[in-house]
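Letter by letter, the chains look like this.
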Amino acid sequence: MNIHTFKTTITDFEQYLENSLTTINDIRLKEAMHYSLTNGGKRVRPMLLLATIQALGKDVSKGYPIALALEYIHTYSLIHDDLPAMDNDDYRRGKLTNHKQFDEATAILAGDAFNTKAFELICQSDVPDIQKVLLVSQLAICAGPNGMIGGQMGDIQAENQHVSLDTLKSIHARKTGDLIRYATFAGAVLSNACEKVQVLLEAFSRSFGLAFQIHNDLKDVECSFDIEGKIQGKDAILQKSTYTSLLGISGARESLFQEISRAEKAIDNLKKVYPTLDSELLLDFLNYVK
Ligand code: GRG
């Protein structure tokens, strides 16, 4: 199955996502959460989680609460990332950022609410308790101080500094990569996949996560040359080390292709240990970063 066909089988996920906020009592908080949850995110992480279950031939609807929890954590991270104390952005996805549309305190609380509600969702899902414990603890690890938050801290500290390629990789493996890695982890847990399958899925999503970040850096550079051909834009202003600033555009492209081929190799190997795998669906995610 390709990703477009798969999307048509999970159209009710968007409705499920919209309905998930109806129990929030405070109207302003609910509005602020609804604003950021429904303003045009690509849903890469929940889609990857659900696609992993589909590729392993299991019941995709079982993954909805966990996929939504993952999108909640991602949404919180973007709301907080845009705040004046962080990236201080006025726009995201072509629309006002949460703190510009509402106010700073509301944006902080909307982010906090997504962060806590994610764990509530997993705990209240009807997956077996043993899986819940794994899913909750791994989400806390991936989103936490040695995961996404640690990556964000590293990213802030790297501003105006020259960092090595290894340091840059480590920052992004945590900041962007760990939630992507969680997607295949959760898909595998919910599908009762064995250790070998888990490991190969992790290799796939680790490379996909890095490729996702490199692709993002390349897109930023391609969109940010001024008329004199000088690089402008936020990363350049903050003198952030990026794949493109460390490796140049062609070096970054080379790294991107390397990660894509590592991810493809992981899927090849996975097909050998799990012959019924729908590899086309997982490989299709790589088209997004090509
Ligand atoms: C504030 C704790 C905290 C963490 C923020 C992920 C992150 C950490 C910040 C985002 C910074 C950024 C733009 C990174 C580049 C890669 C990335 C995560 C892009 C956004 O993800 P998409 O493209 O977003 O999946 P959409 O808009 O589609 O949901």
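So, a few notes on the structure that sits alongside this text.

Judged by nonpolar contacts, the single largest core of 85 residues is most densely connected at Leu49, Leu50, Leu135, Leu139, Tyr182, Phe208 and Leu282. In terms of residues, this core owes the most to one element, helix H10 (residues 165–190), which gives eleven residues. Not counting chain neighbours up to four residues away, the residues in contact with leucine 139 comprise Ala69, Leu70, Ile73, Ala118, Phe119, Ile122, Leu179 and Tyr182.

Let us now look at unusual backbone geometry. In the Ramachandran plot, asparagine 160 falls in the positive-phi region, its phi being about 60 degrees despite a non-glycine side chain. By secondary structure assignment, the location of asparagine 160 is in the loop between helix H9 (148–157) and H10. On the basis of relative accessible area, asparagine 160 is assigned to the exposed category, the value being 53%. Phi is positive for asparagine 192, close to 55 degrees, though the residue is something other than glycine.

Turning to the site of the ligand, a few remarks are in order. Looking at the ligand, there are 17 residues lining it, with Lys42, Arg45, His74, Arg93 and Asn216 nearest. A distance of 2.7 Å is found between an oxygen atom of the ligand and a side-chain nitrogen or oxygen belonging to arginine 93. Calculation on the ligand without its partners gives an accessible area of 700 Å², and the protein chains cover 91% of this total. For the shell around the ligand, the secondary structure elements donating two or more residues are helix H5 (64–81), H9, H10 and helix H11 (195–222). Broken down by element, the residue count for the shell around the ligand peaks at six residues, all from H5.

Here the focus is the pattern of salt bridges. Summed over the entire model, instances satisfying the criterion amount to 13 salt bridges. As a salt-bridge pair, arginine 92 and aspartate 81 come within 3.6 Å of each other at their nearest N and O atoms. Taken together, the positions of arginine 92 in strand S1 (residues 91–92) and aspartate 81 in helix H5 put the pair eleven residues apart, joining distant regions of the chain. Overall, the relative accessible area of 14% leaves aspartate 81 in the buried class.

The next point concerns helix H13 (residues 243–273). Spanning 31 residues, H13 covers only 34 Å between terminal C-alpha atoms, well under the ideal 45 Å at 1.5 Å per step. In the structure, H13 departs most strongly from a straight axis at isoleucine 249, where the bend amounts to approximately 95 degrees. Considering only its buried residues, H13 is in contact with H10, H11 and helix H14 (279–287).

Looking now at the side chain of threonine 106. Positionally, threonine 106 belongs in helix H7 (residues 104–124). When near neighbours in sequence (up to four residues on either side) are disregarded, threonine 106 contacts Arg28 and Ala32.

Together, Met86, Met153 and Ile156 make up a nonpolar patch on the protein surface, roughly 250 Å² of accessible area in all. Along the chain, isoleucine 156 turns up in helix H9. For isoleucine 156, a relative accessible area of 32% puts it in the partly exposed group.

Here we take up the state of the cysteines. Two cysteines form a disulfide when their sulfur atoms are joined by a covalent bond. A full pass over the atoms with the stated rule returns zero disulfides. Unpaired in this structure, cysteine 142 has its nearest cysteine sulfur neighbour in cysteine 123, at a distance of 16 Å. You can call cysteine 142 buried: its relative accessible area is 1%. Free of any disulfide, cysteine 194 has its nearest neighbouring cysteine sulfur in cysteine 142, separated by 20 Å.

The rules behind the values
Once a new chain begins, its residue numbering starts again from 1 and follows that chain's sequence as written. Confidence filtering applies because this is a predicted model: local features only for residues at pLDDT of at least 70, side-chain atom pairs given and counted only at 80 or more, and all residues used for totals across whole chains, interfaces and linings. Note that the side-chain values use all heavy atoms of the structure and ignore hydrogens as well as water. The term nonpolar core refers to a set of buried residues drawn from Ala, Val, Leu, Ile, Met, Phe, Trp, Tyr and Cys, joined through side-chain atoms within 4.5 Å. For the exposure calls, accessible area comes from a 1.4 Å probe over protein chains only, and a residue counts as buried if that area is under 20% of its type's maximum, exposed if over 50%, partly exposed in between. By definition, any uninterrupted DSSP run of H or I lasting at least four residues is a helix, any uninterrupted run of E lasting at least two residues is a strand, and each is numbered from the N terminus. Here a residue-residue contact requires only that any non-hydrogen atoms of the pair lie within 4.5 Å. If even one non-hydrogen atom of a residue comes within 4 Å of a molecule or strand, that residue is called near it. Two N or O atoms count as a polar contact when they lie within 3.5 Å, although within protein this holds only if one can serve as hydrogen donor and the other as acceptor, and sequence-adjacent residues are included solely when both atoms are side-chain atoms. Note on areas: Shrake-Rupley, 1.4 Å probe, and residue coverage restricted to the protein chains presented here. Salt bridges are defined by distance alone: a side-chain nitrogen of Lys or Arg within 4 Å of a carboxyl oxygen of Asp or Glu. Any helix carries an expected span of 1.5 Å times its number of residues minus one. One fitted axis covers the seven residues ending at a residue, a second covers the seven starting there, and the bend at that residue is the angle between these axes. Like-charged residues are merged into a patch within 9 Å and nonpolar side chains (Val, Leu, Ile, Met, Phe, Trp, Tyr) within 5 Å, provided each residue has over 30% relative accessible area and no salt bridge. Two cysteine sulfur atoms make up a disulfide if the distance between them is within 2.5 Å.

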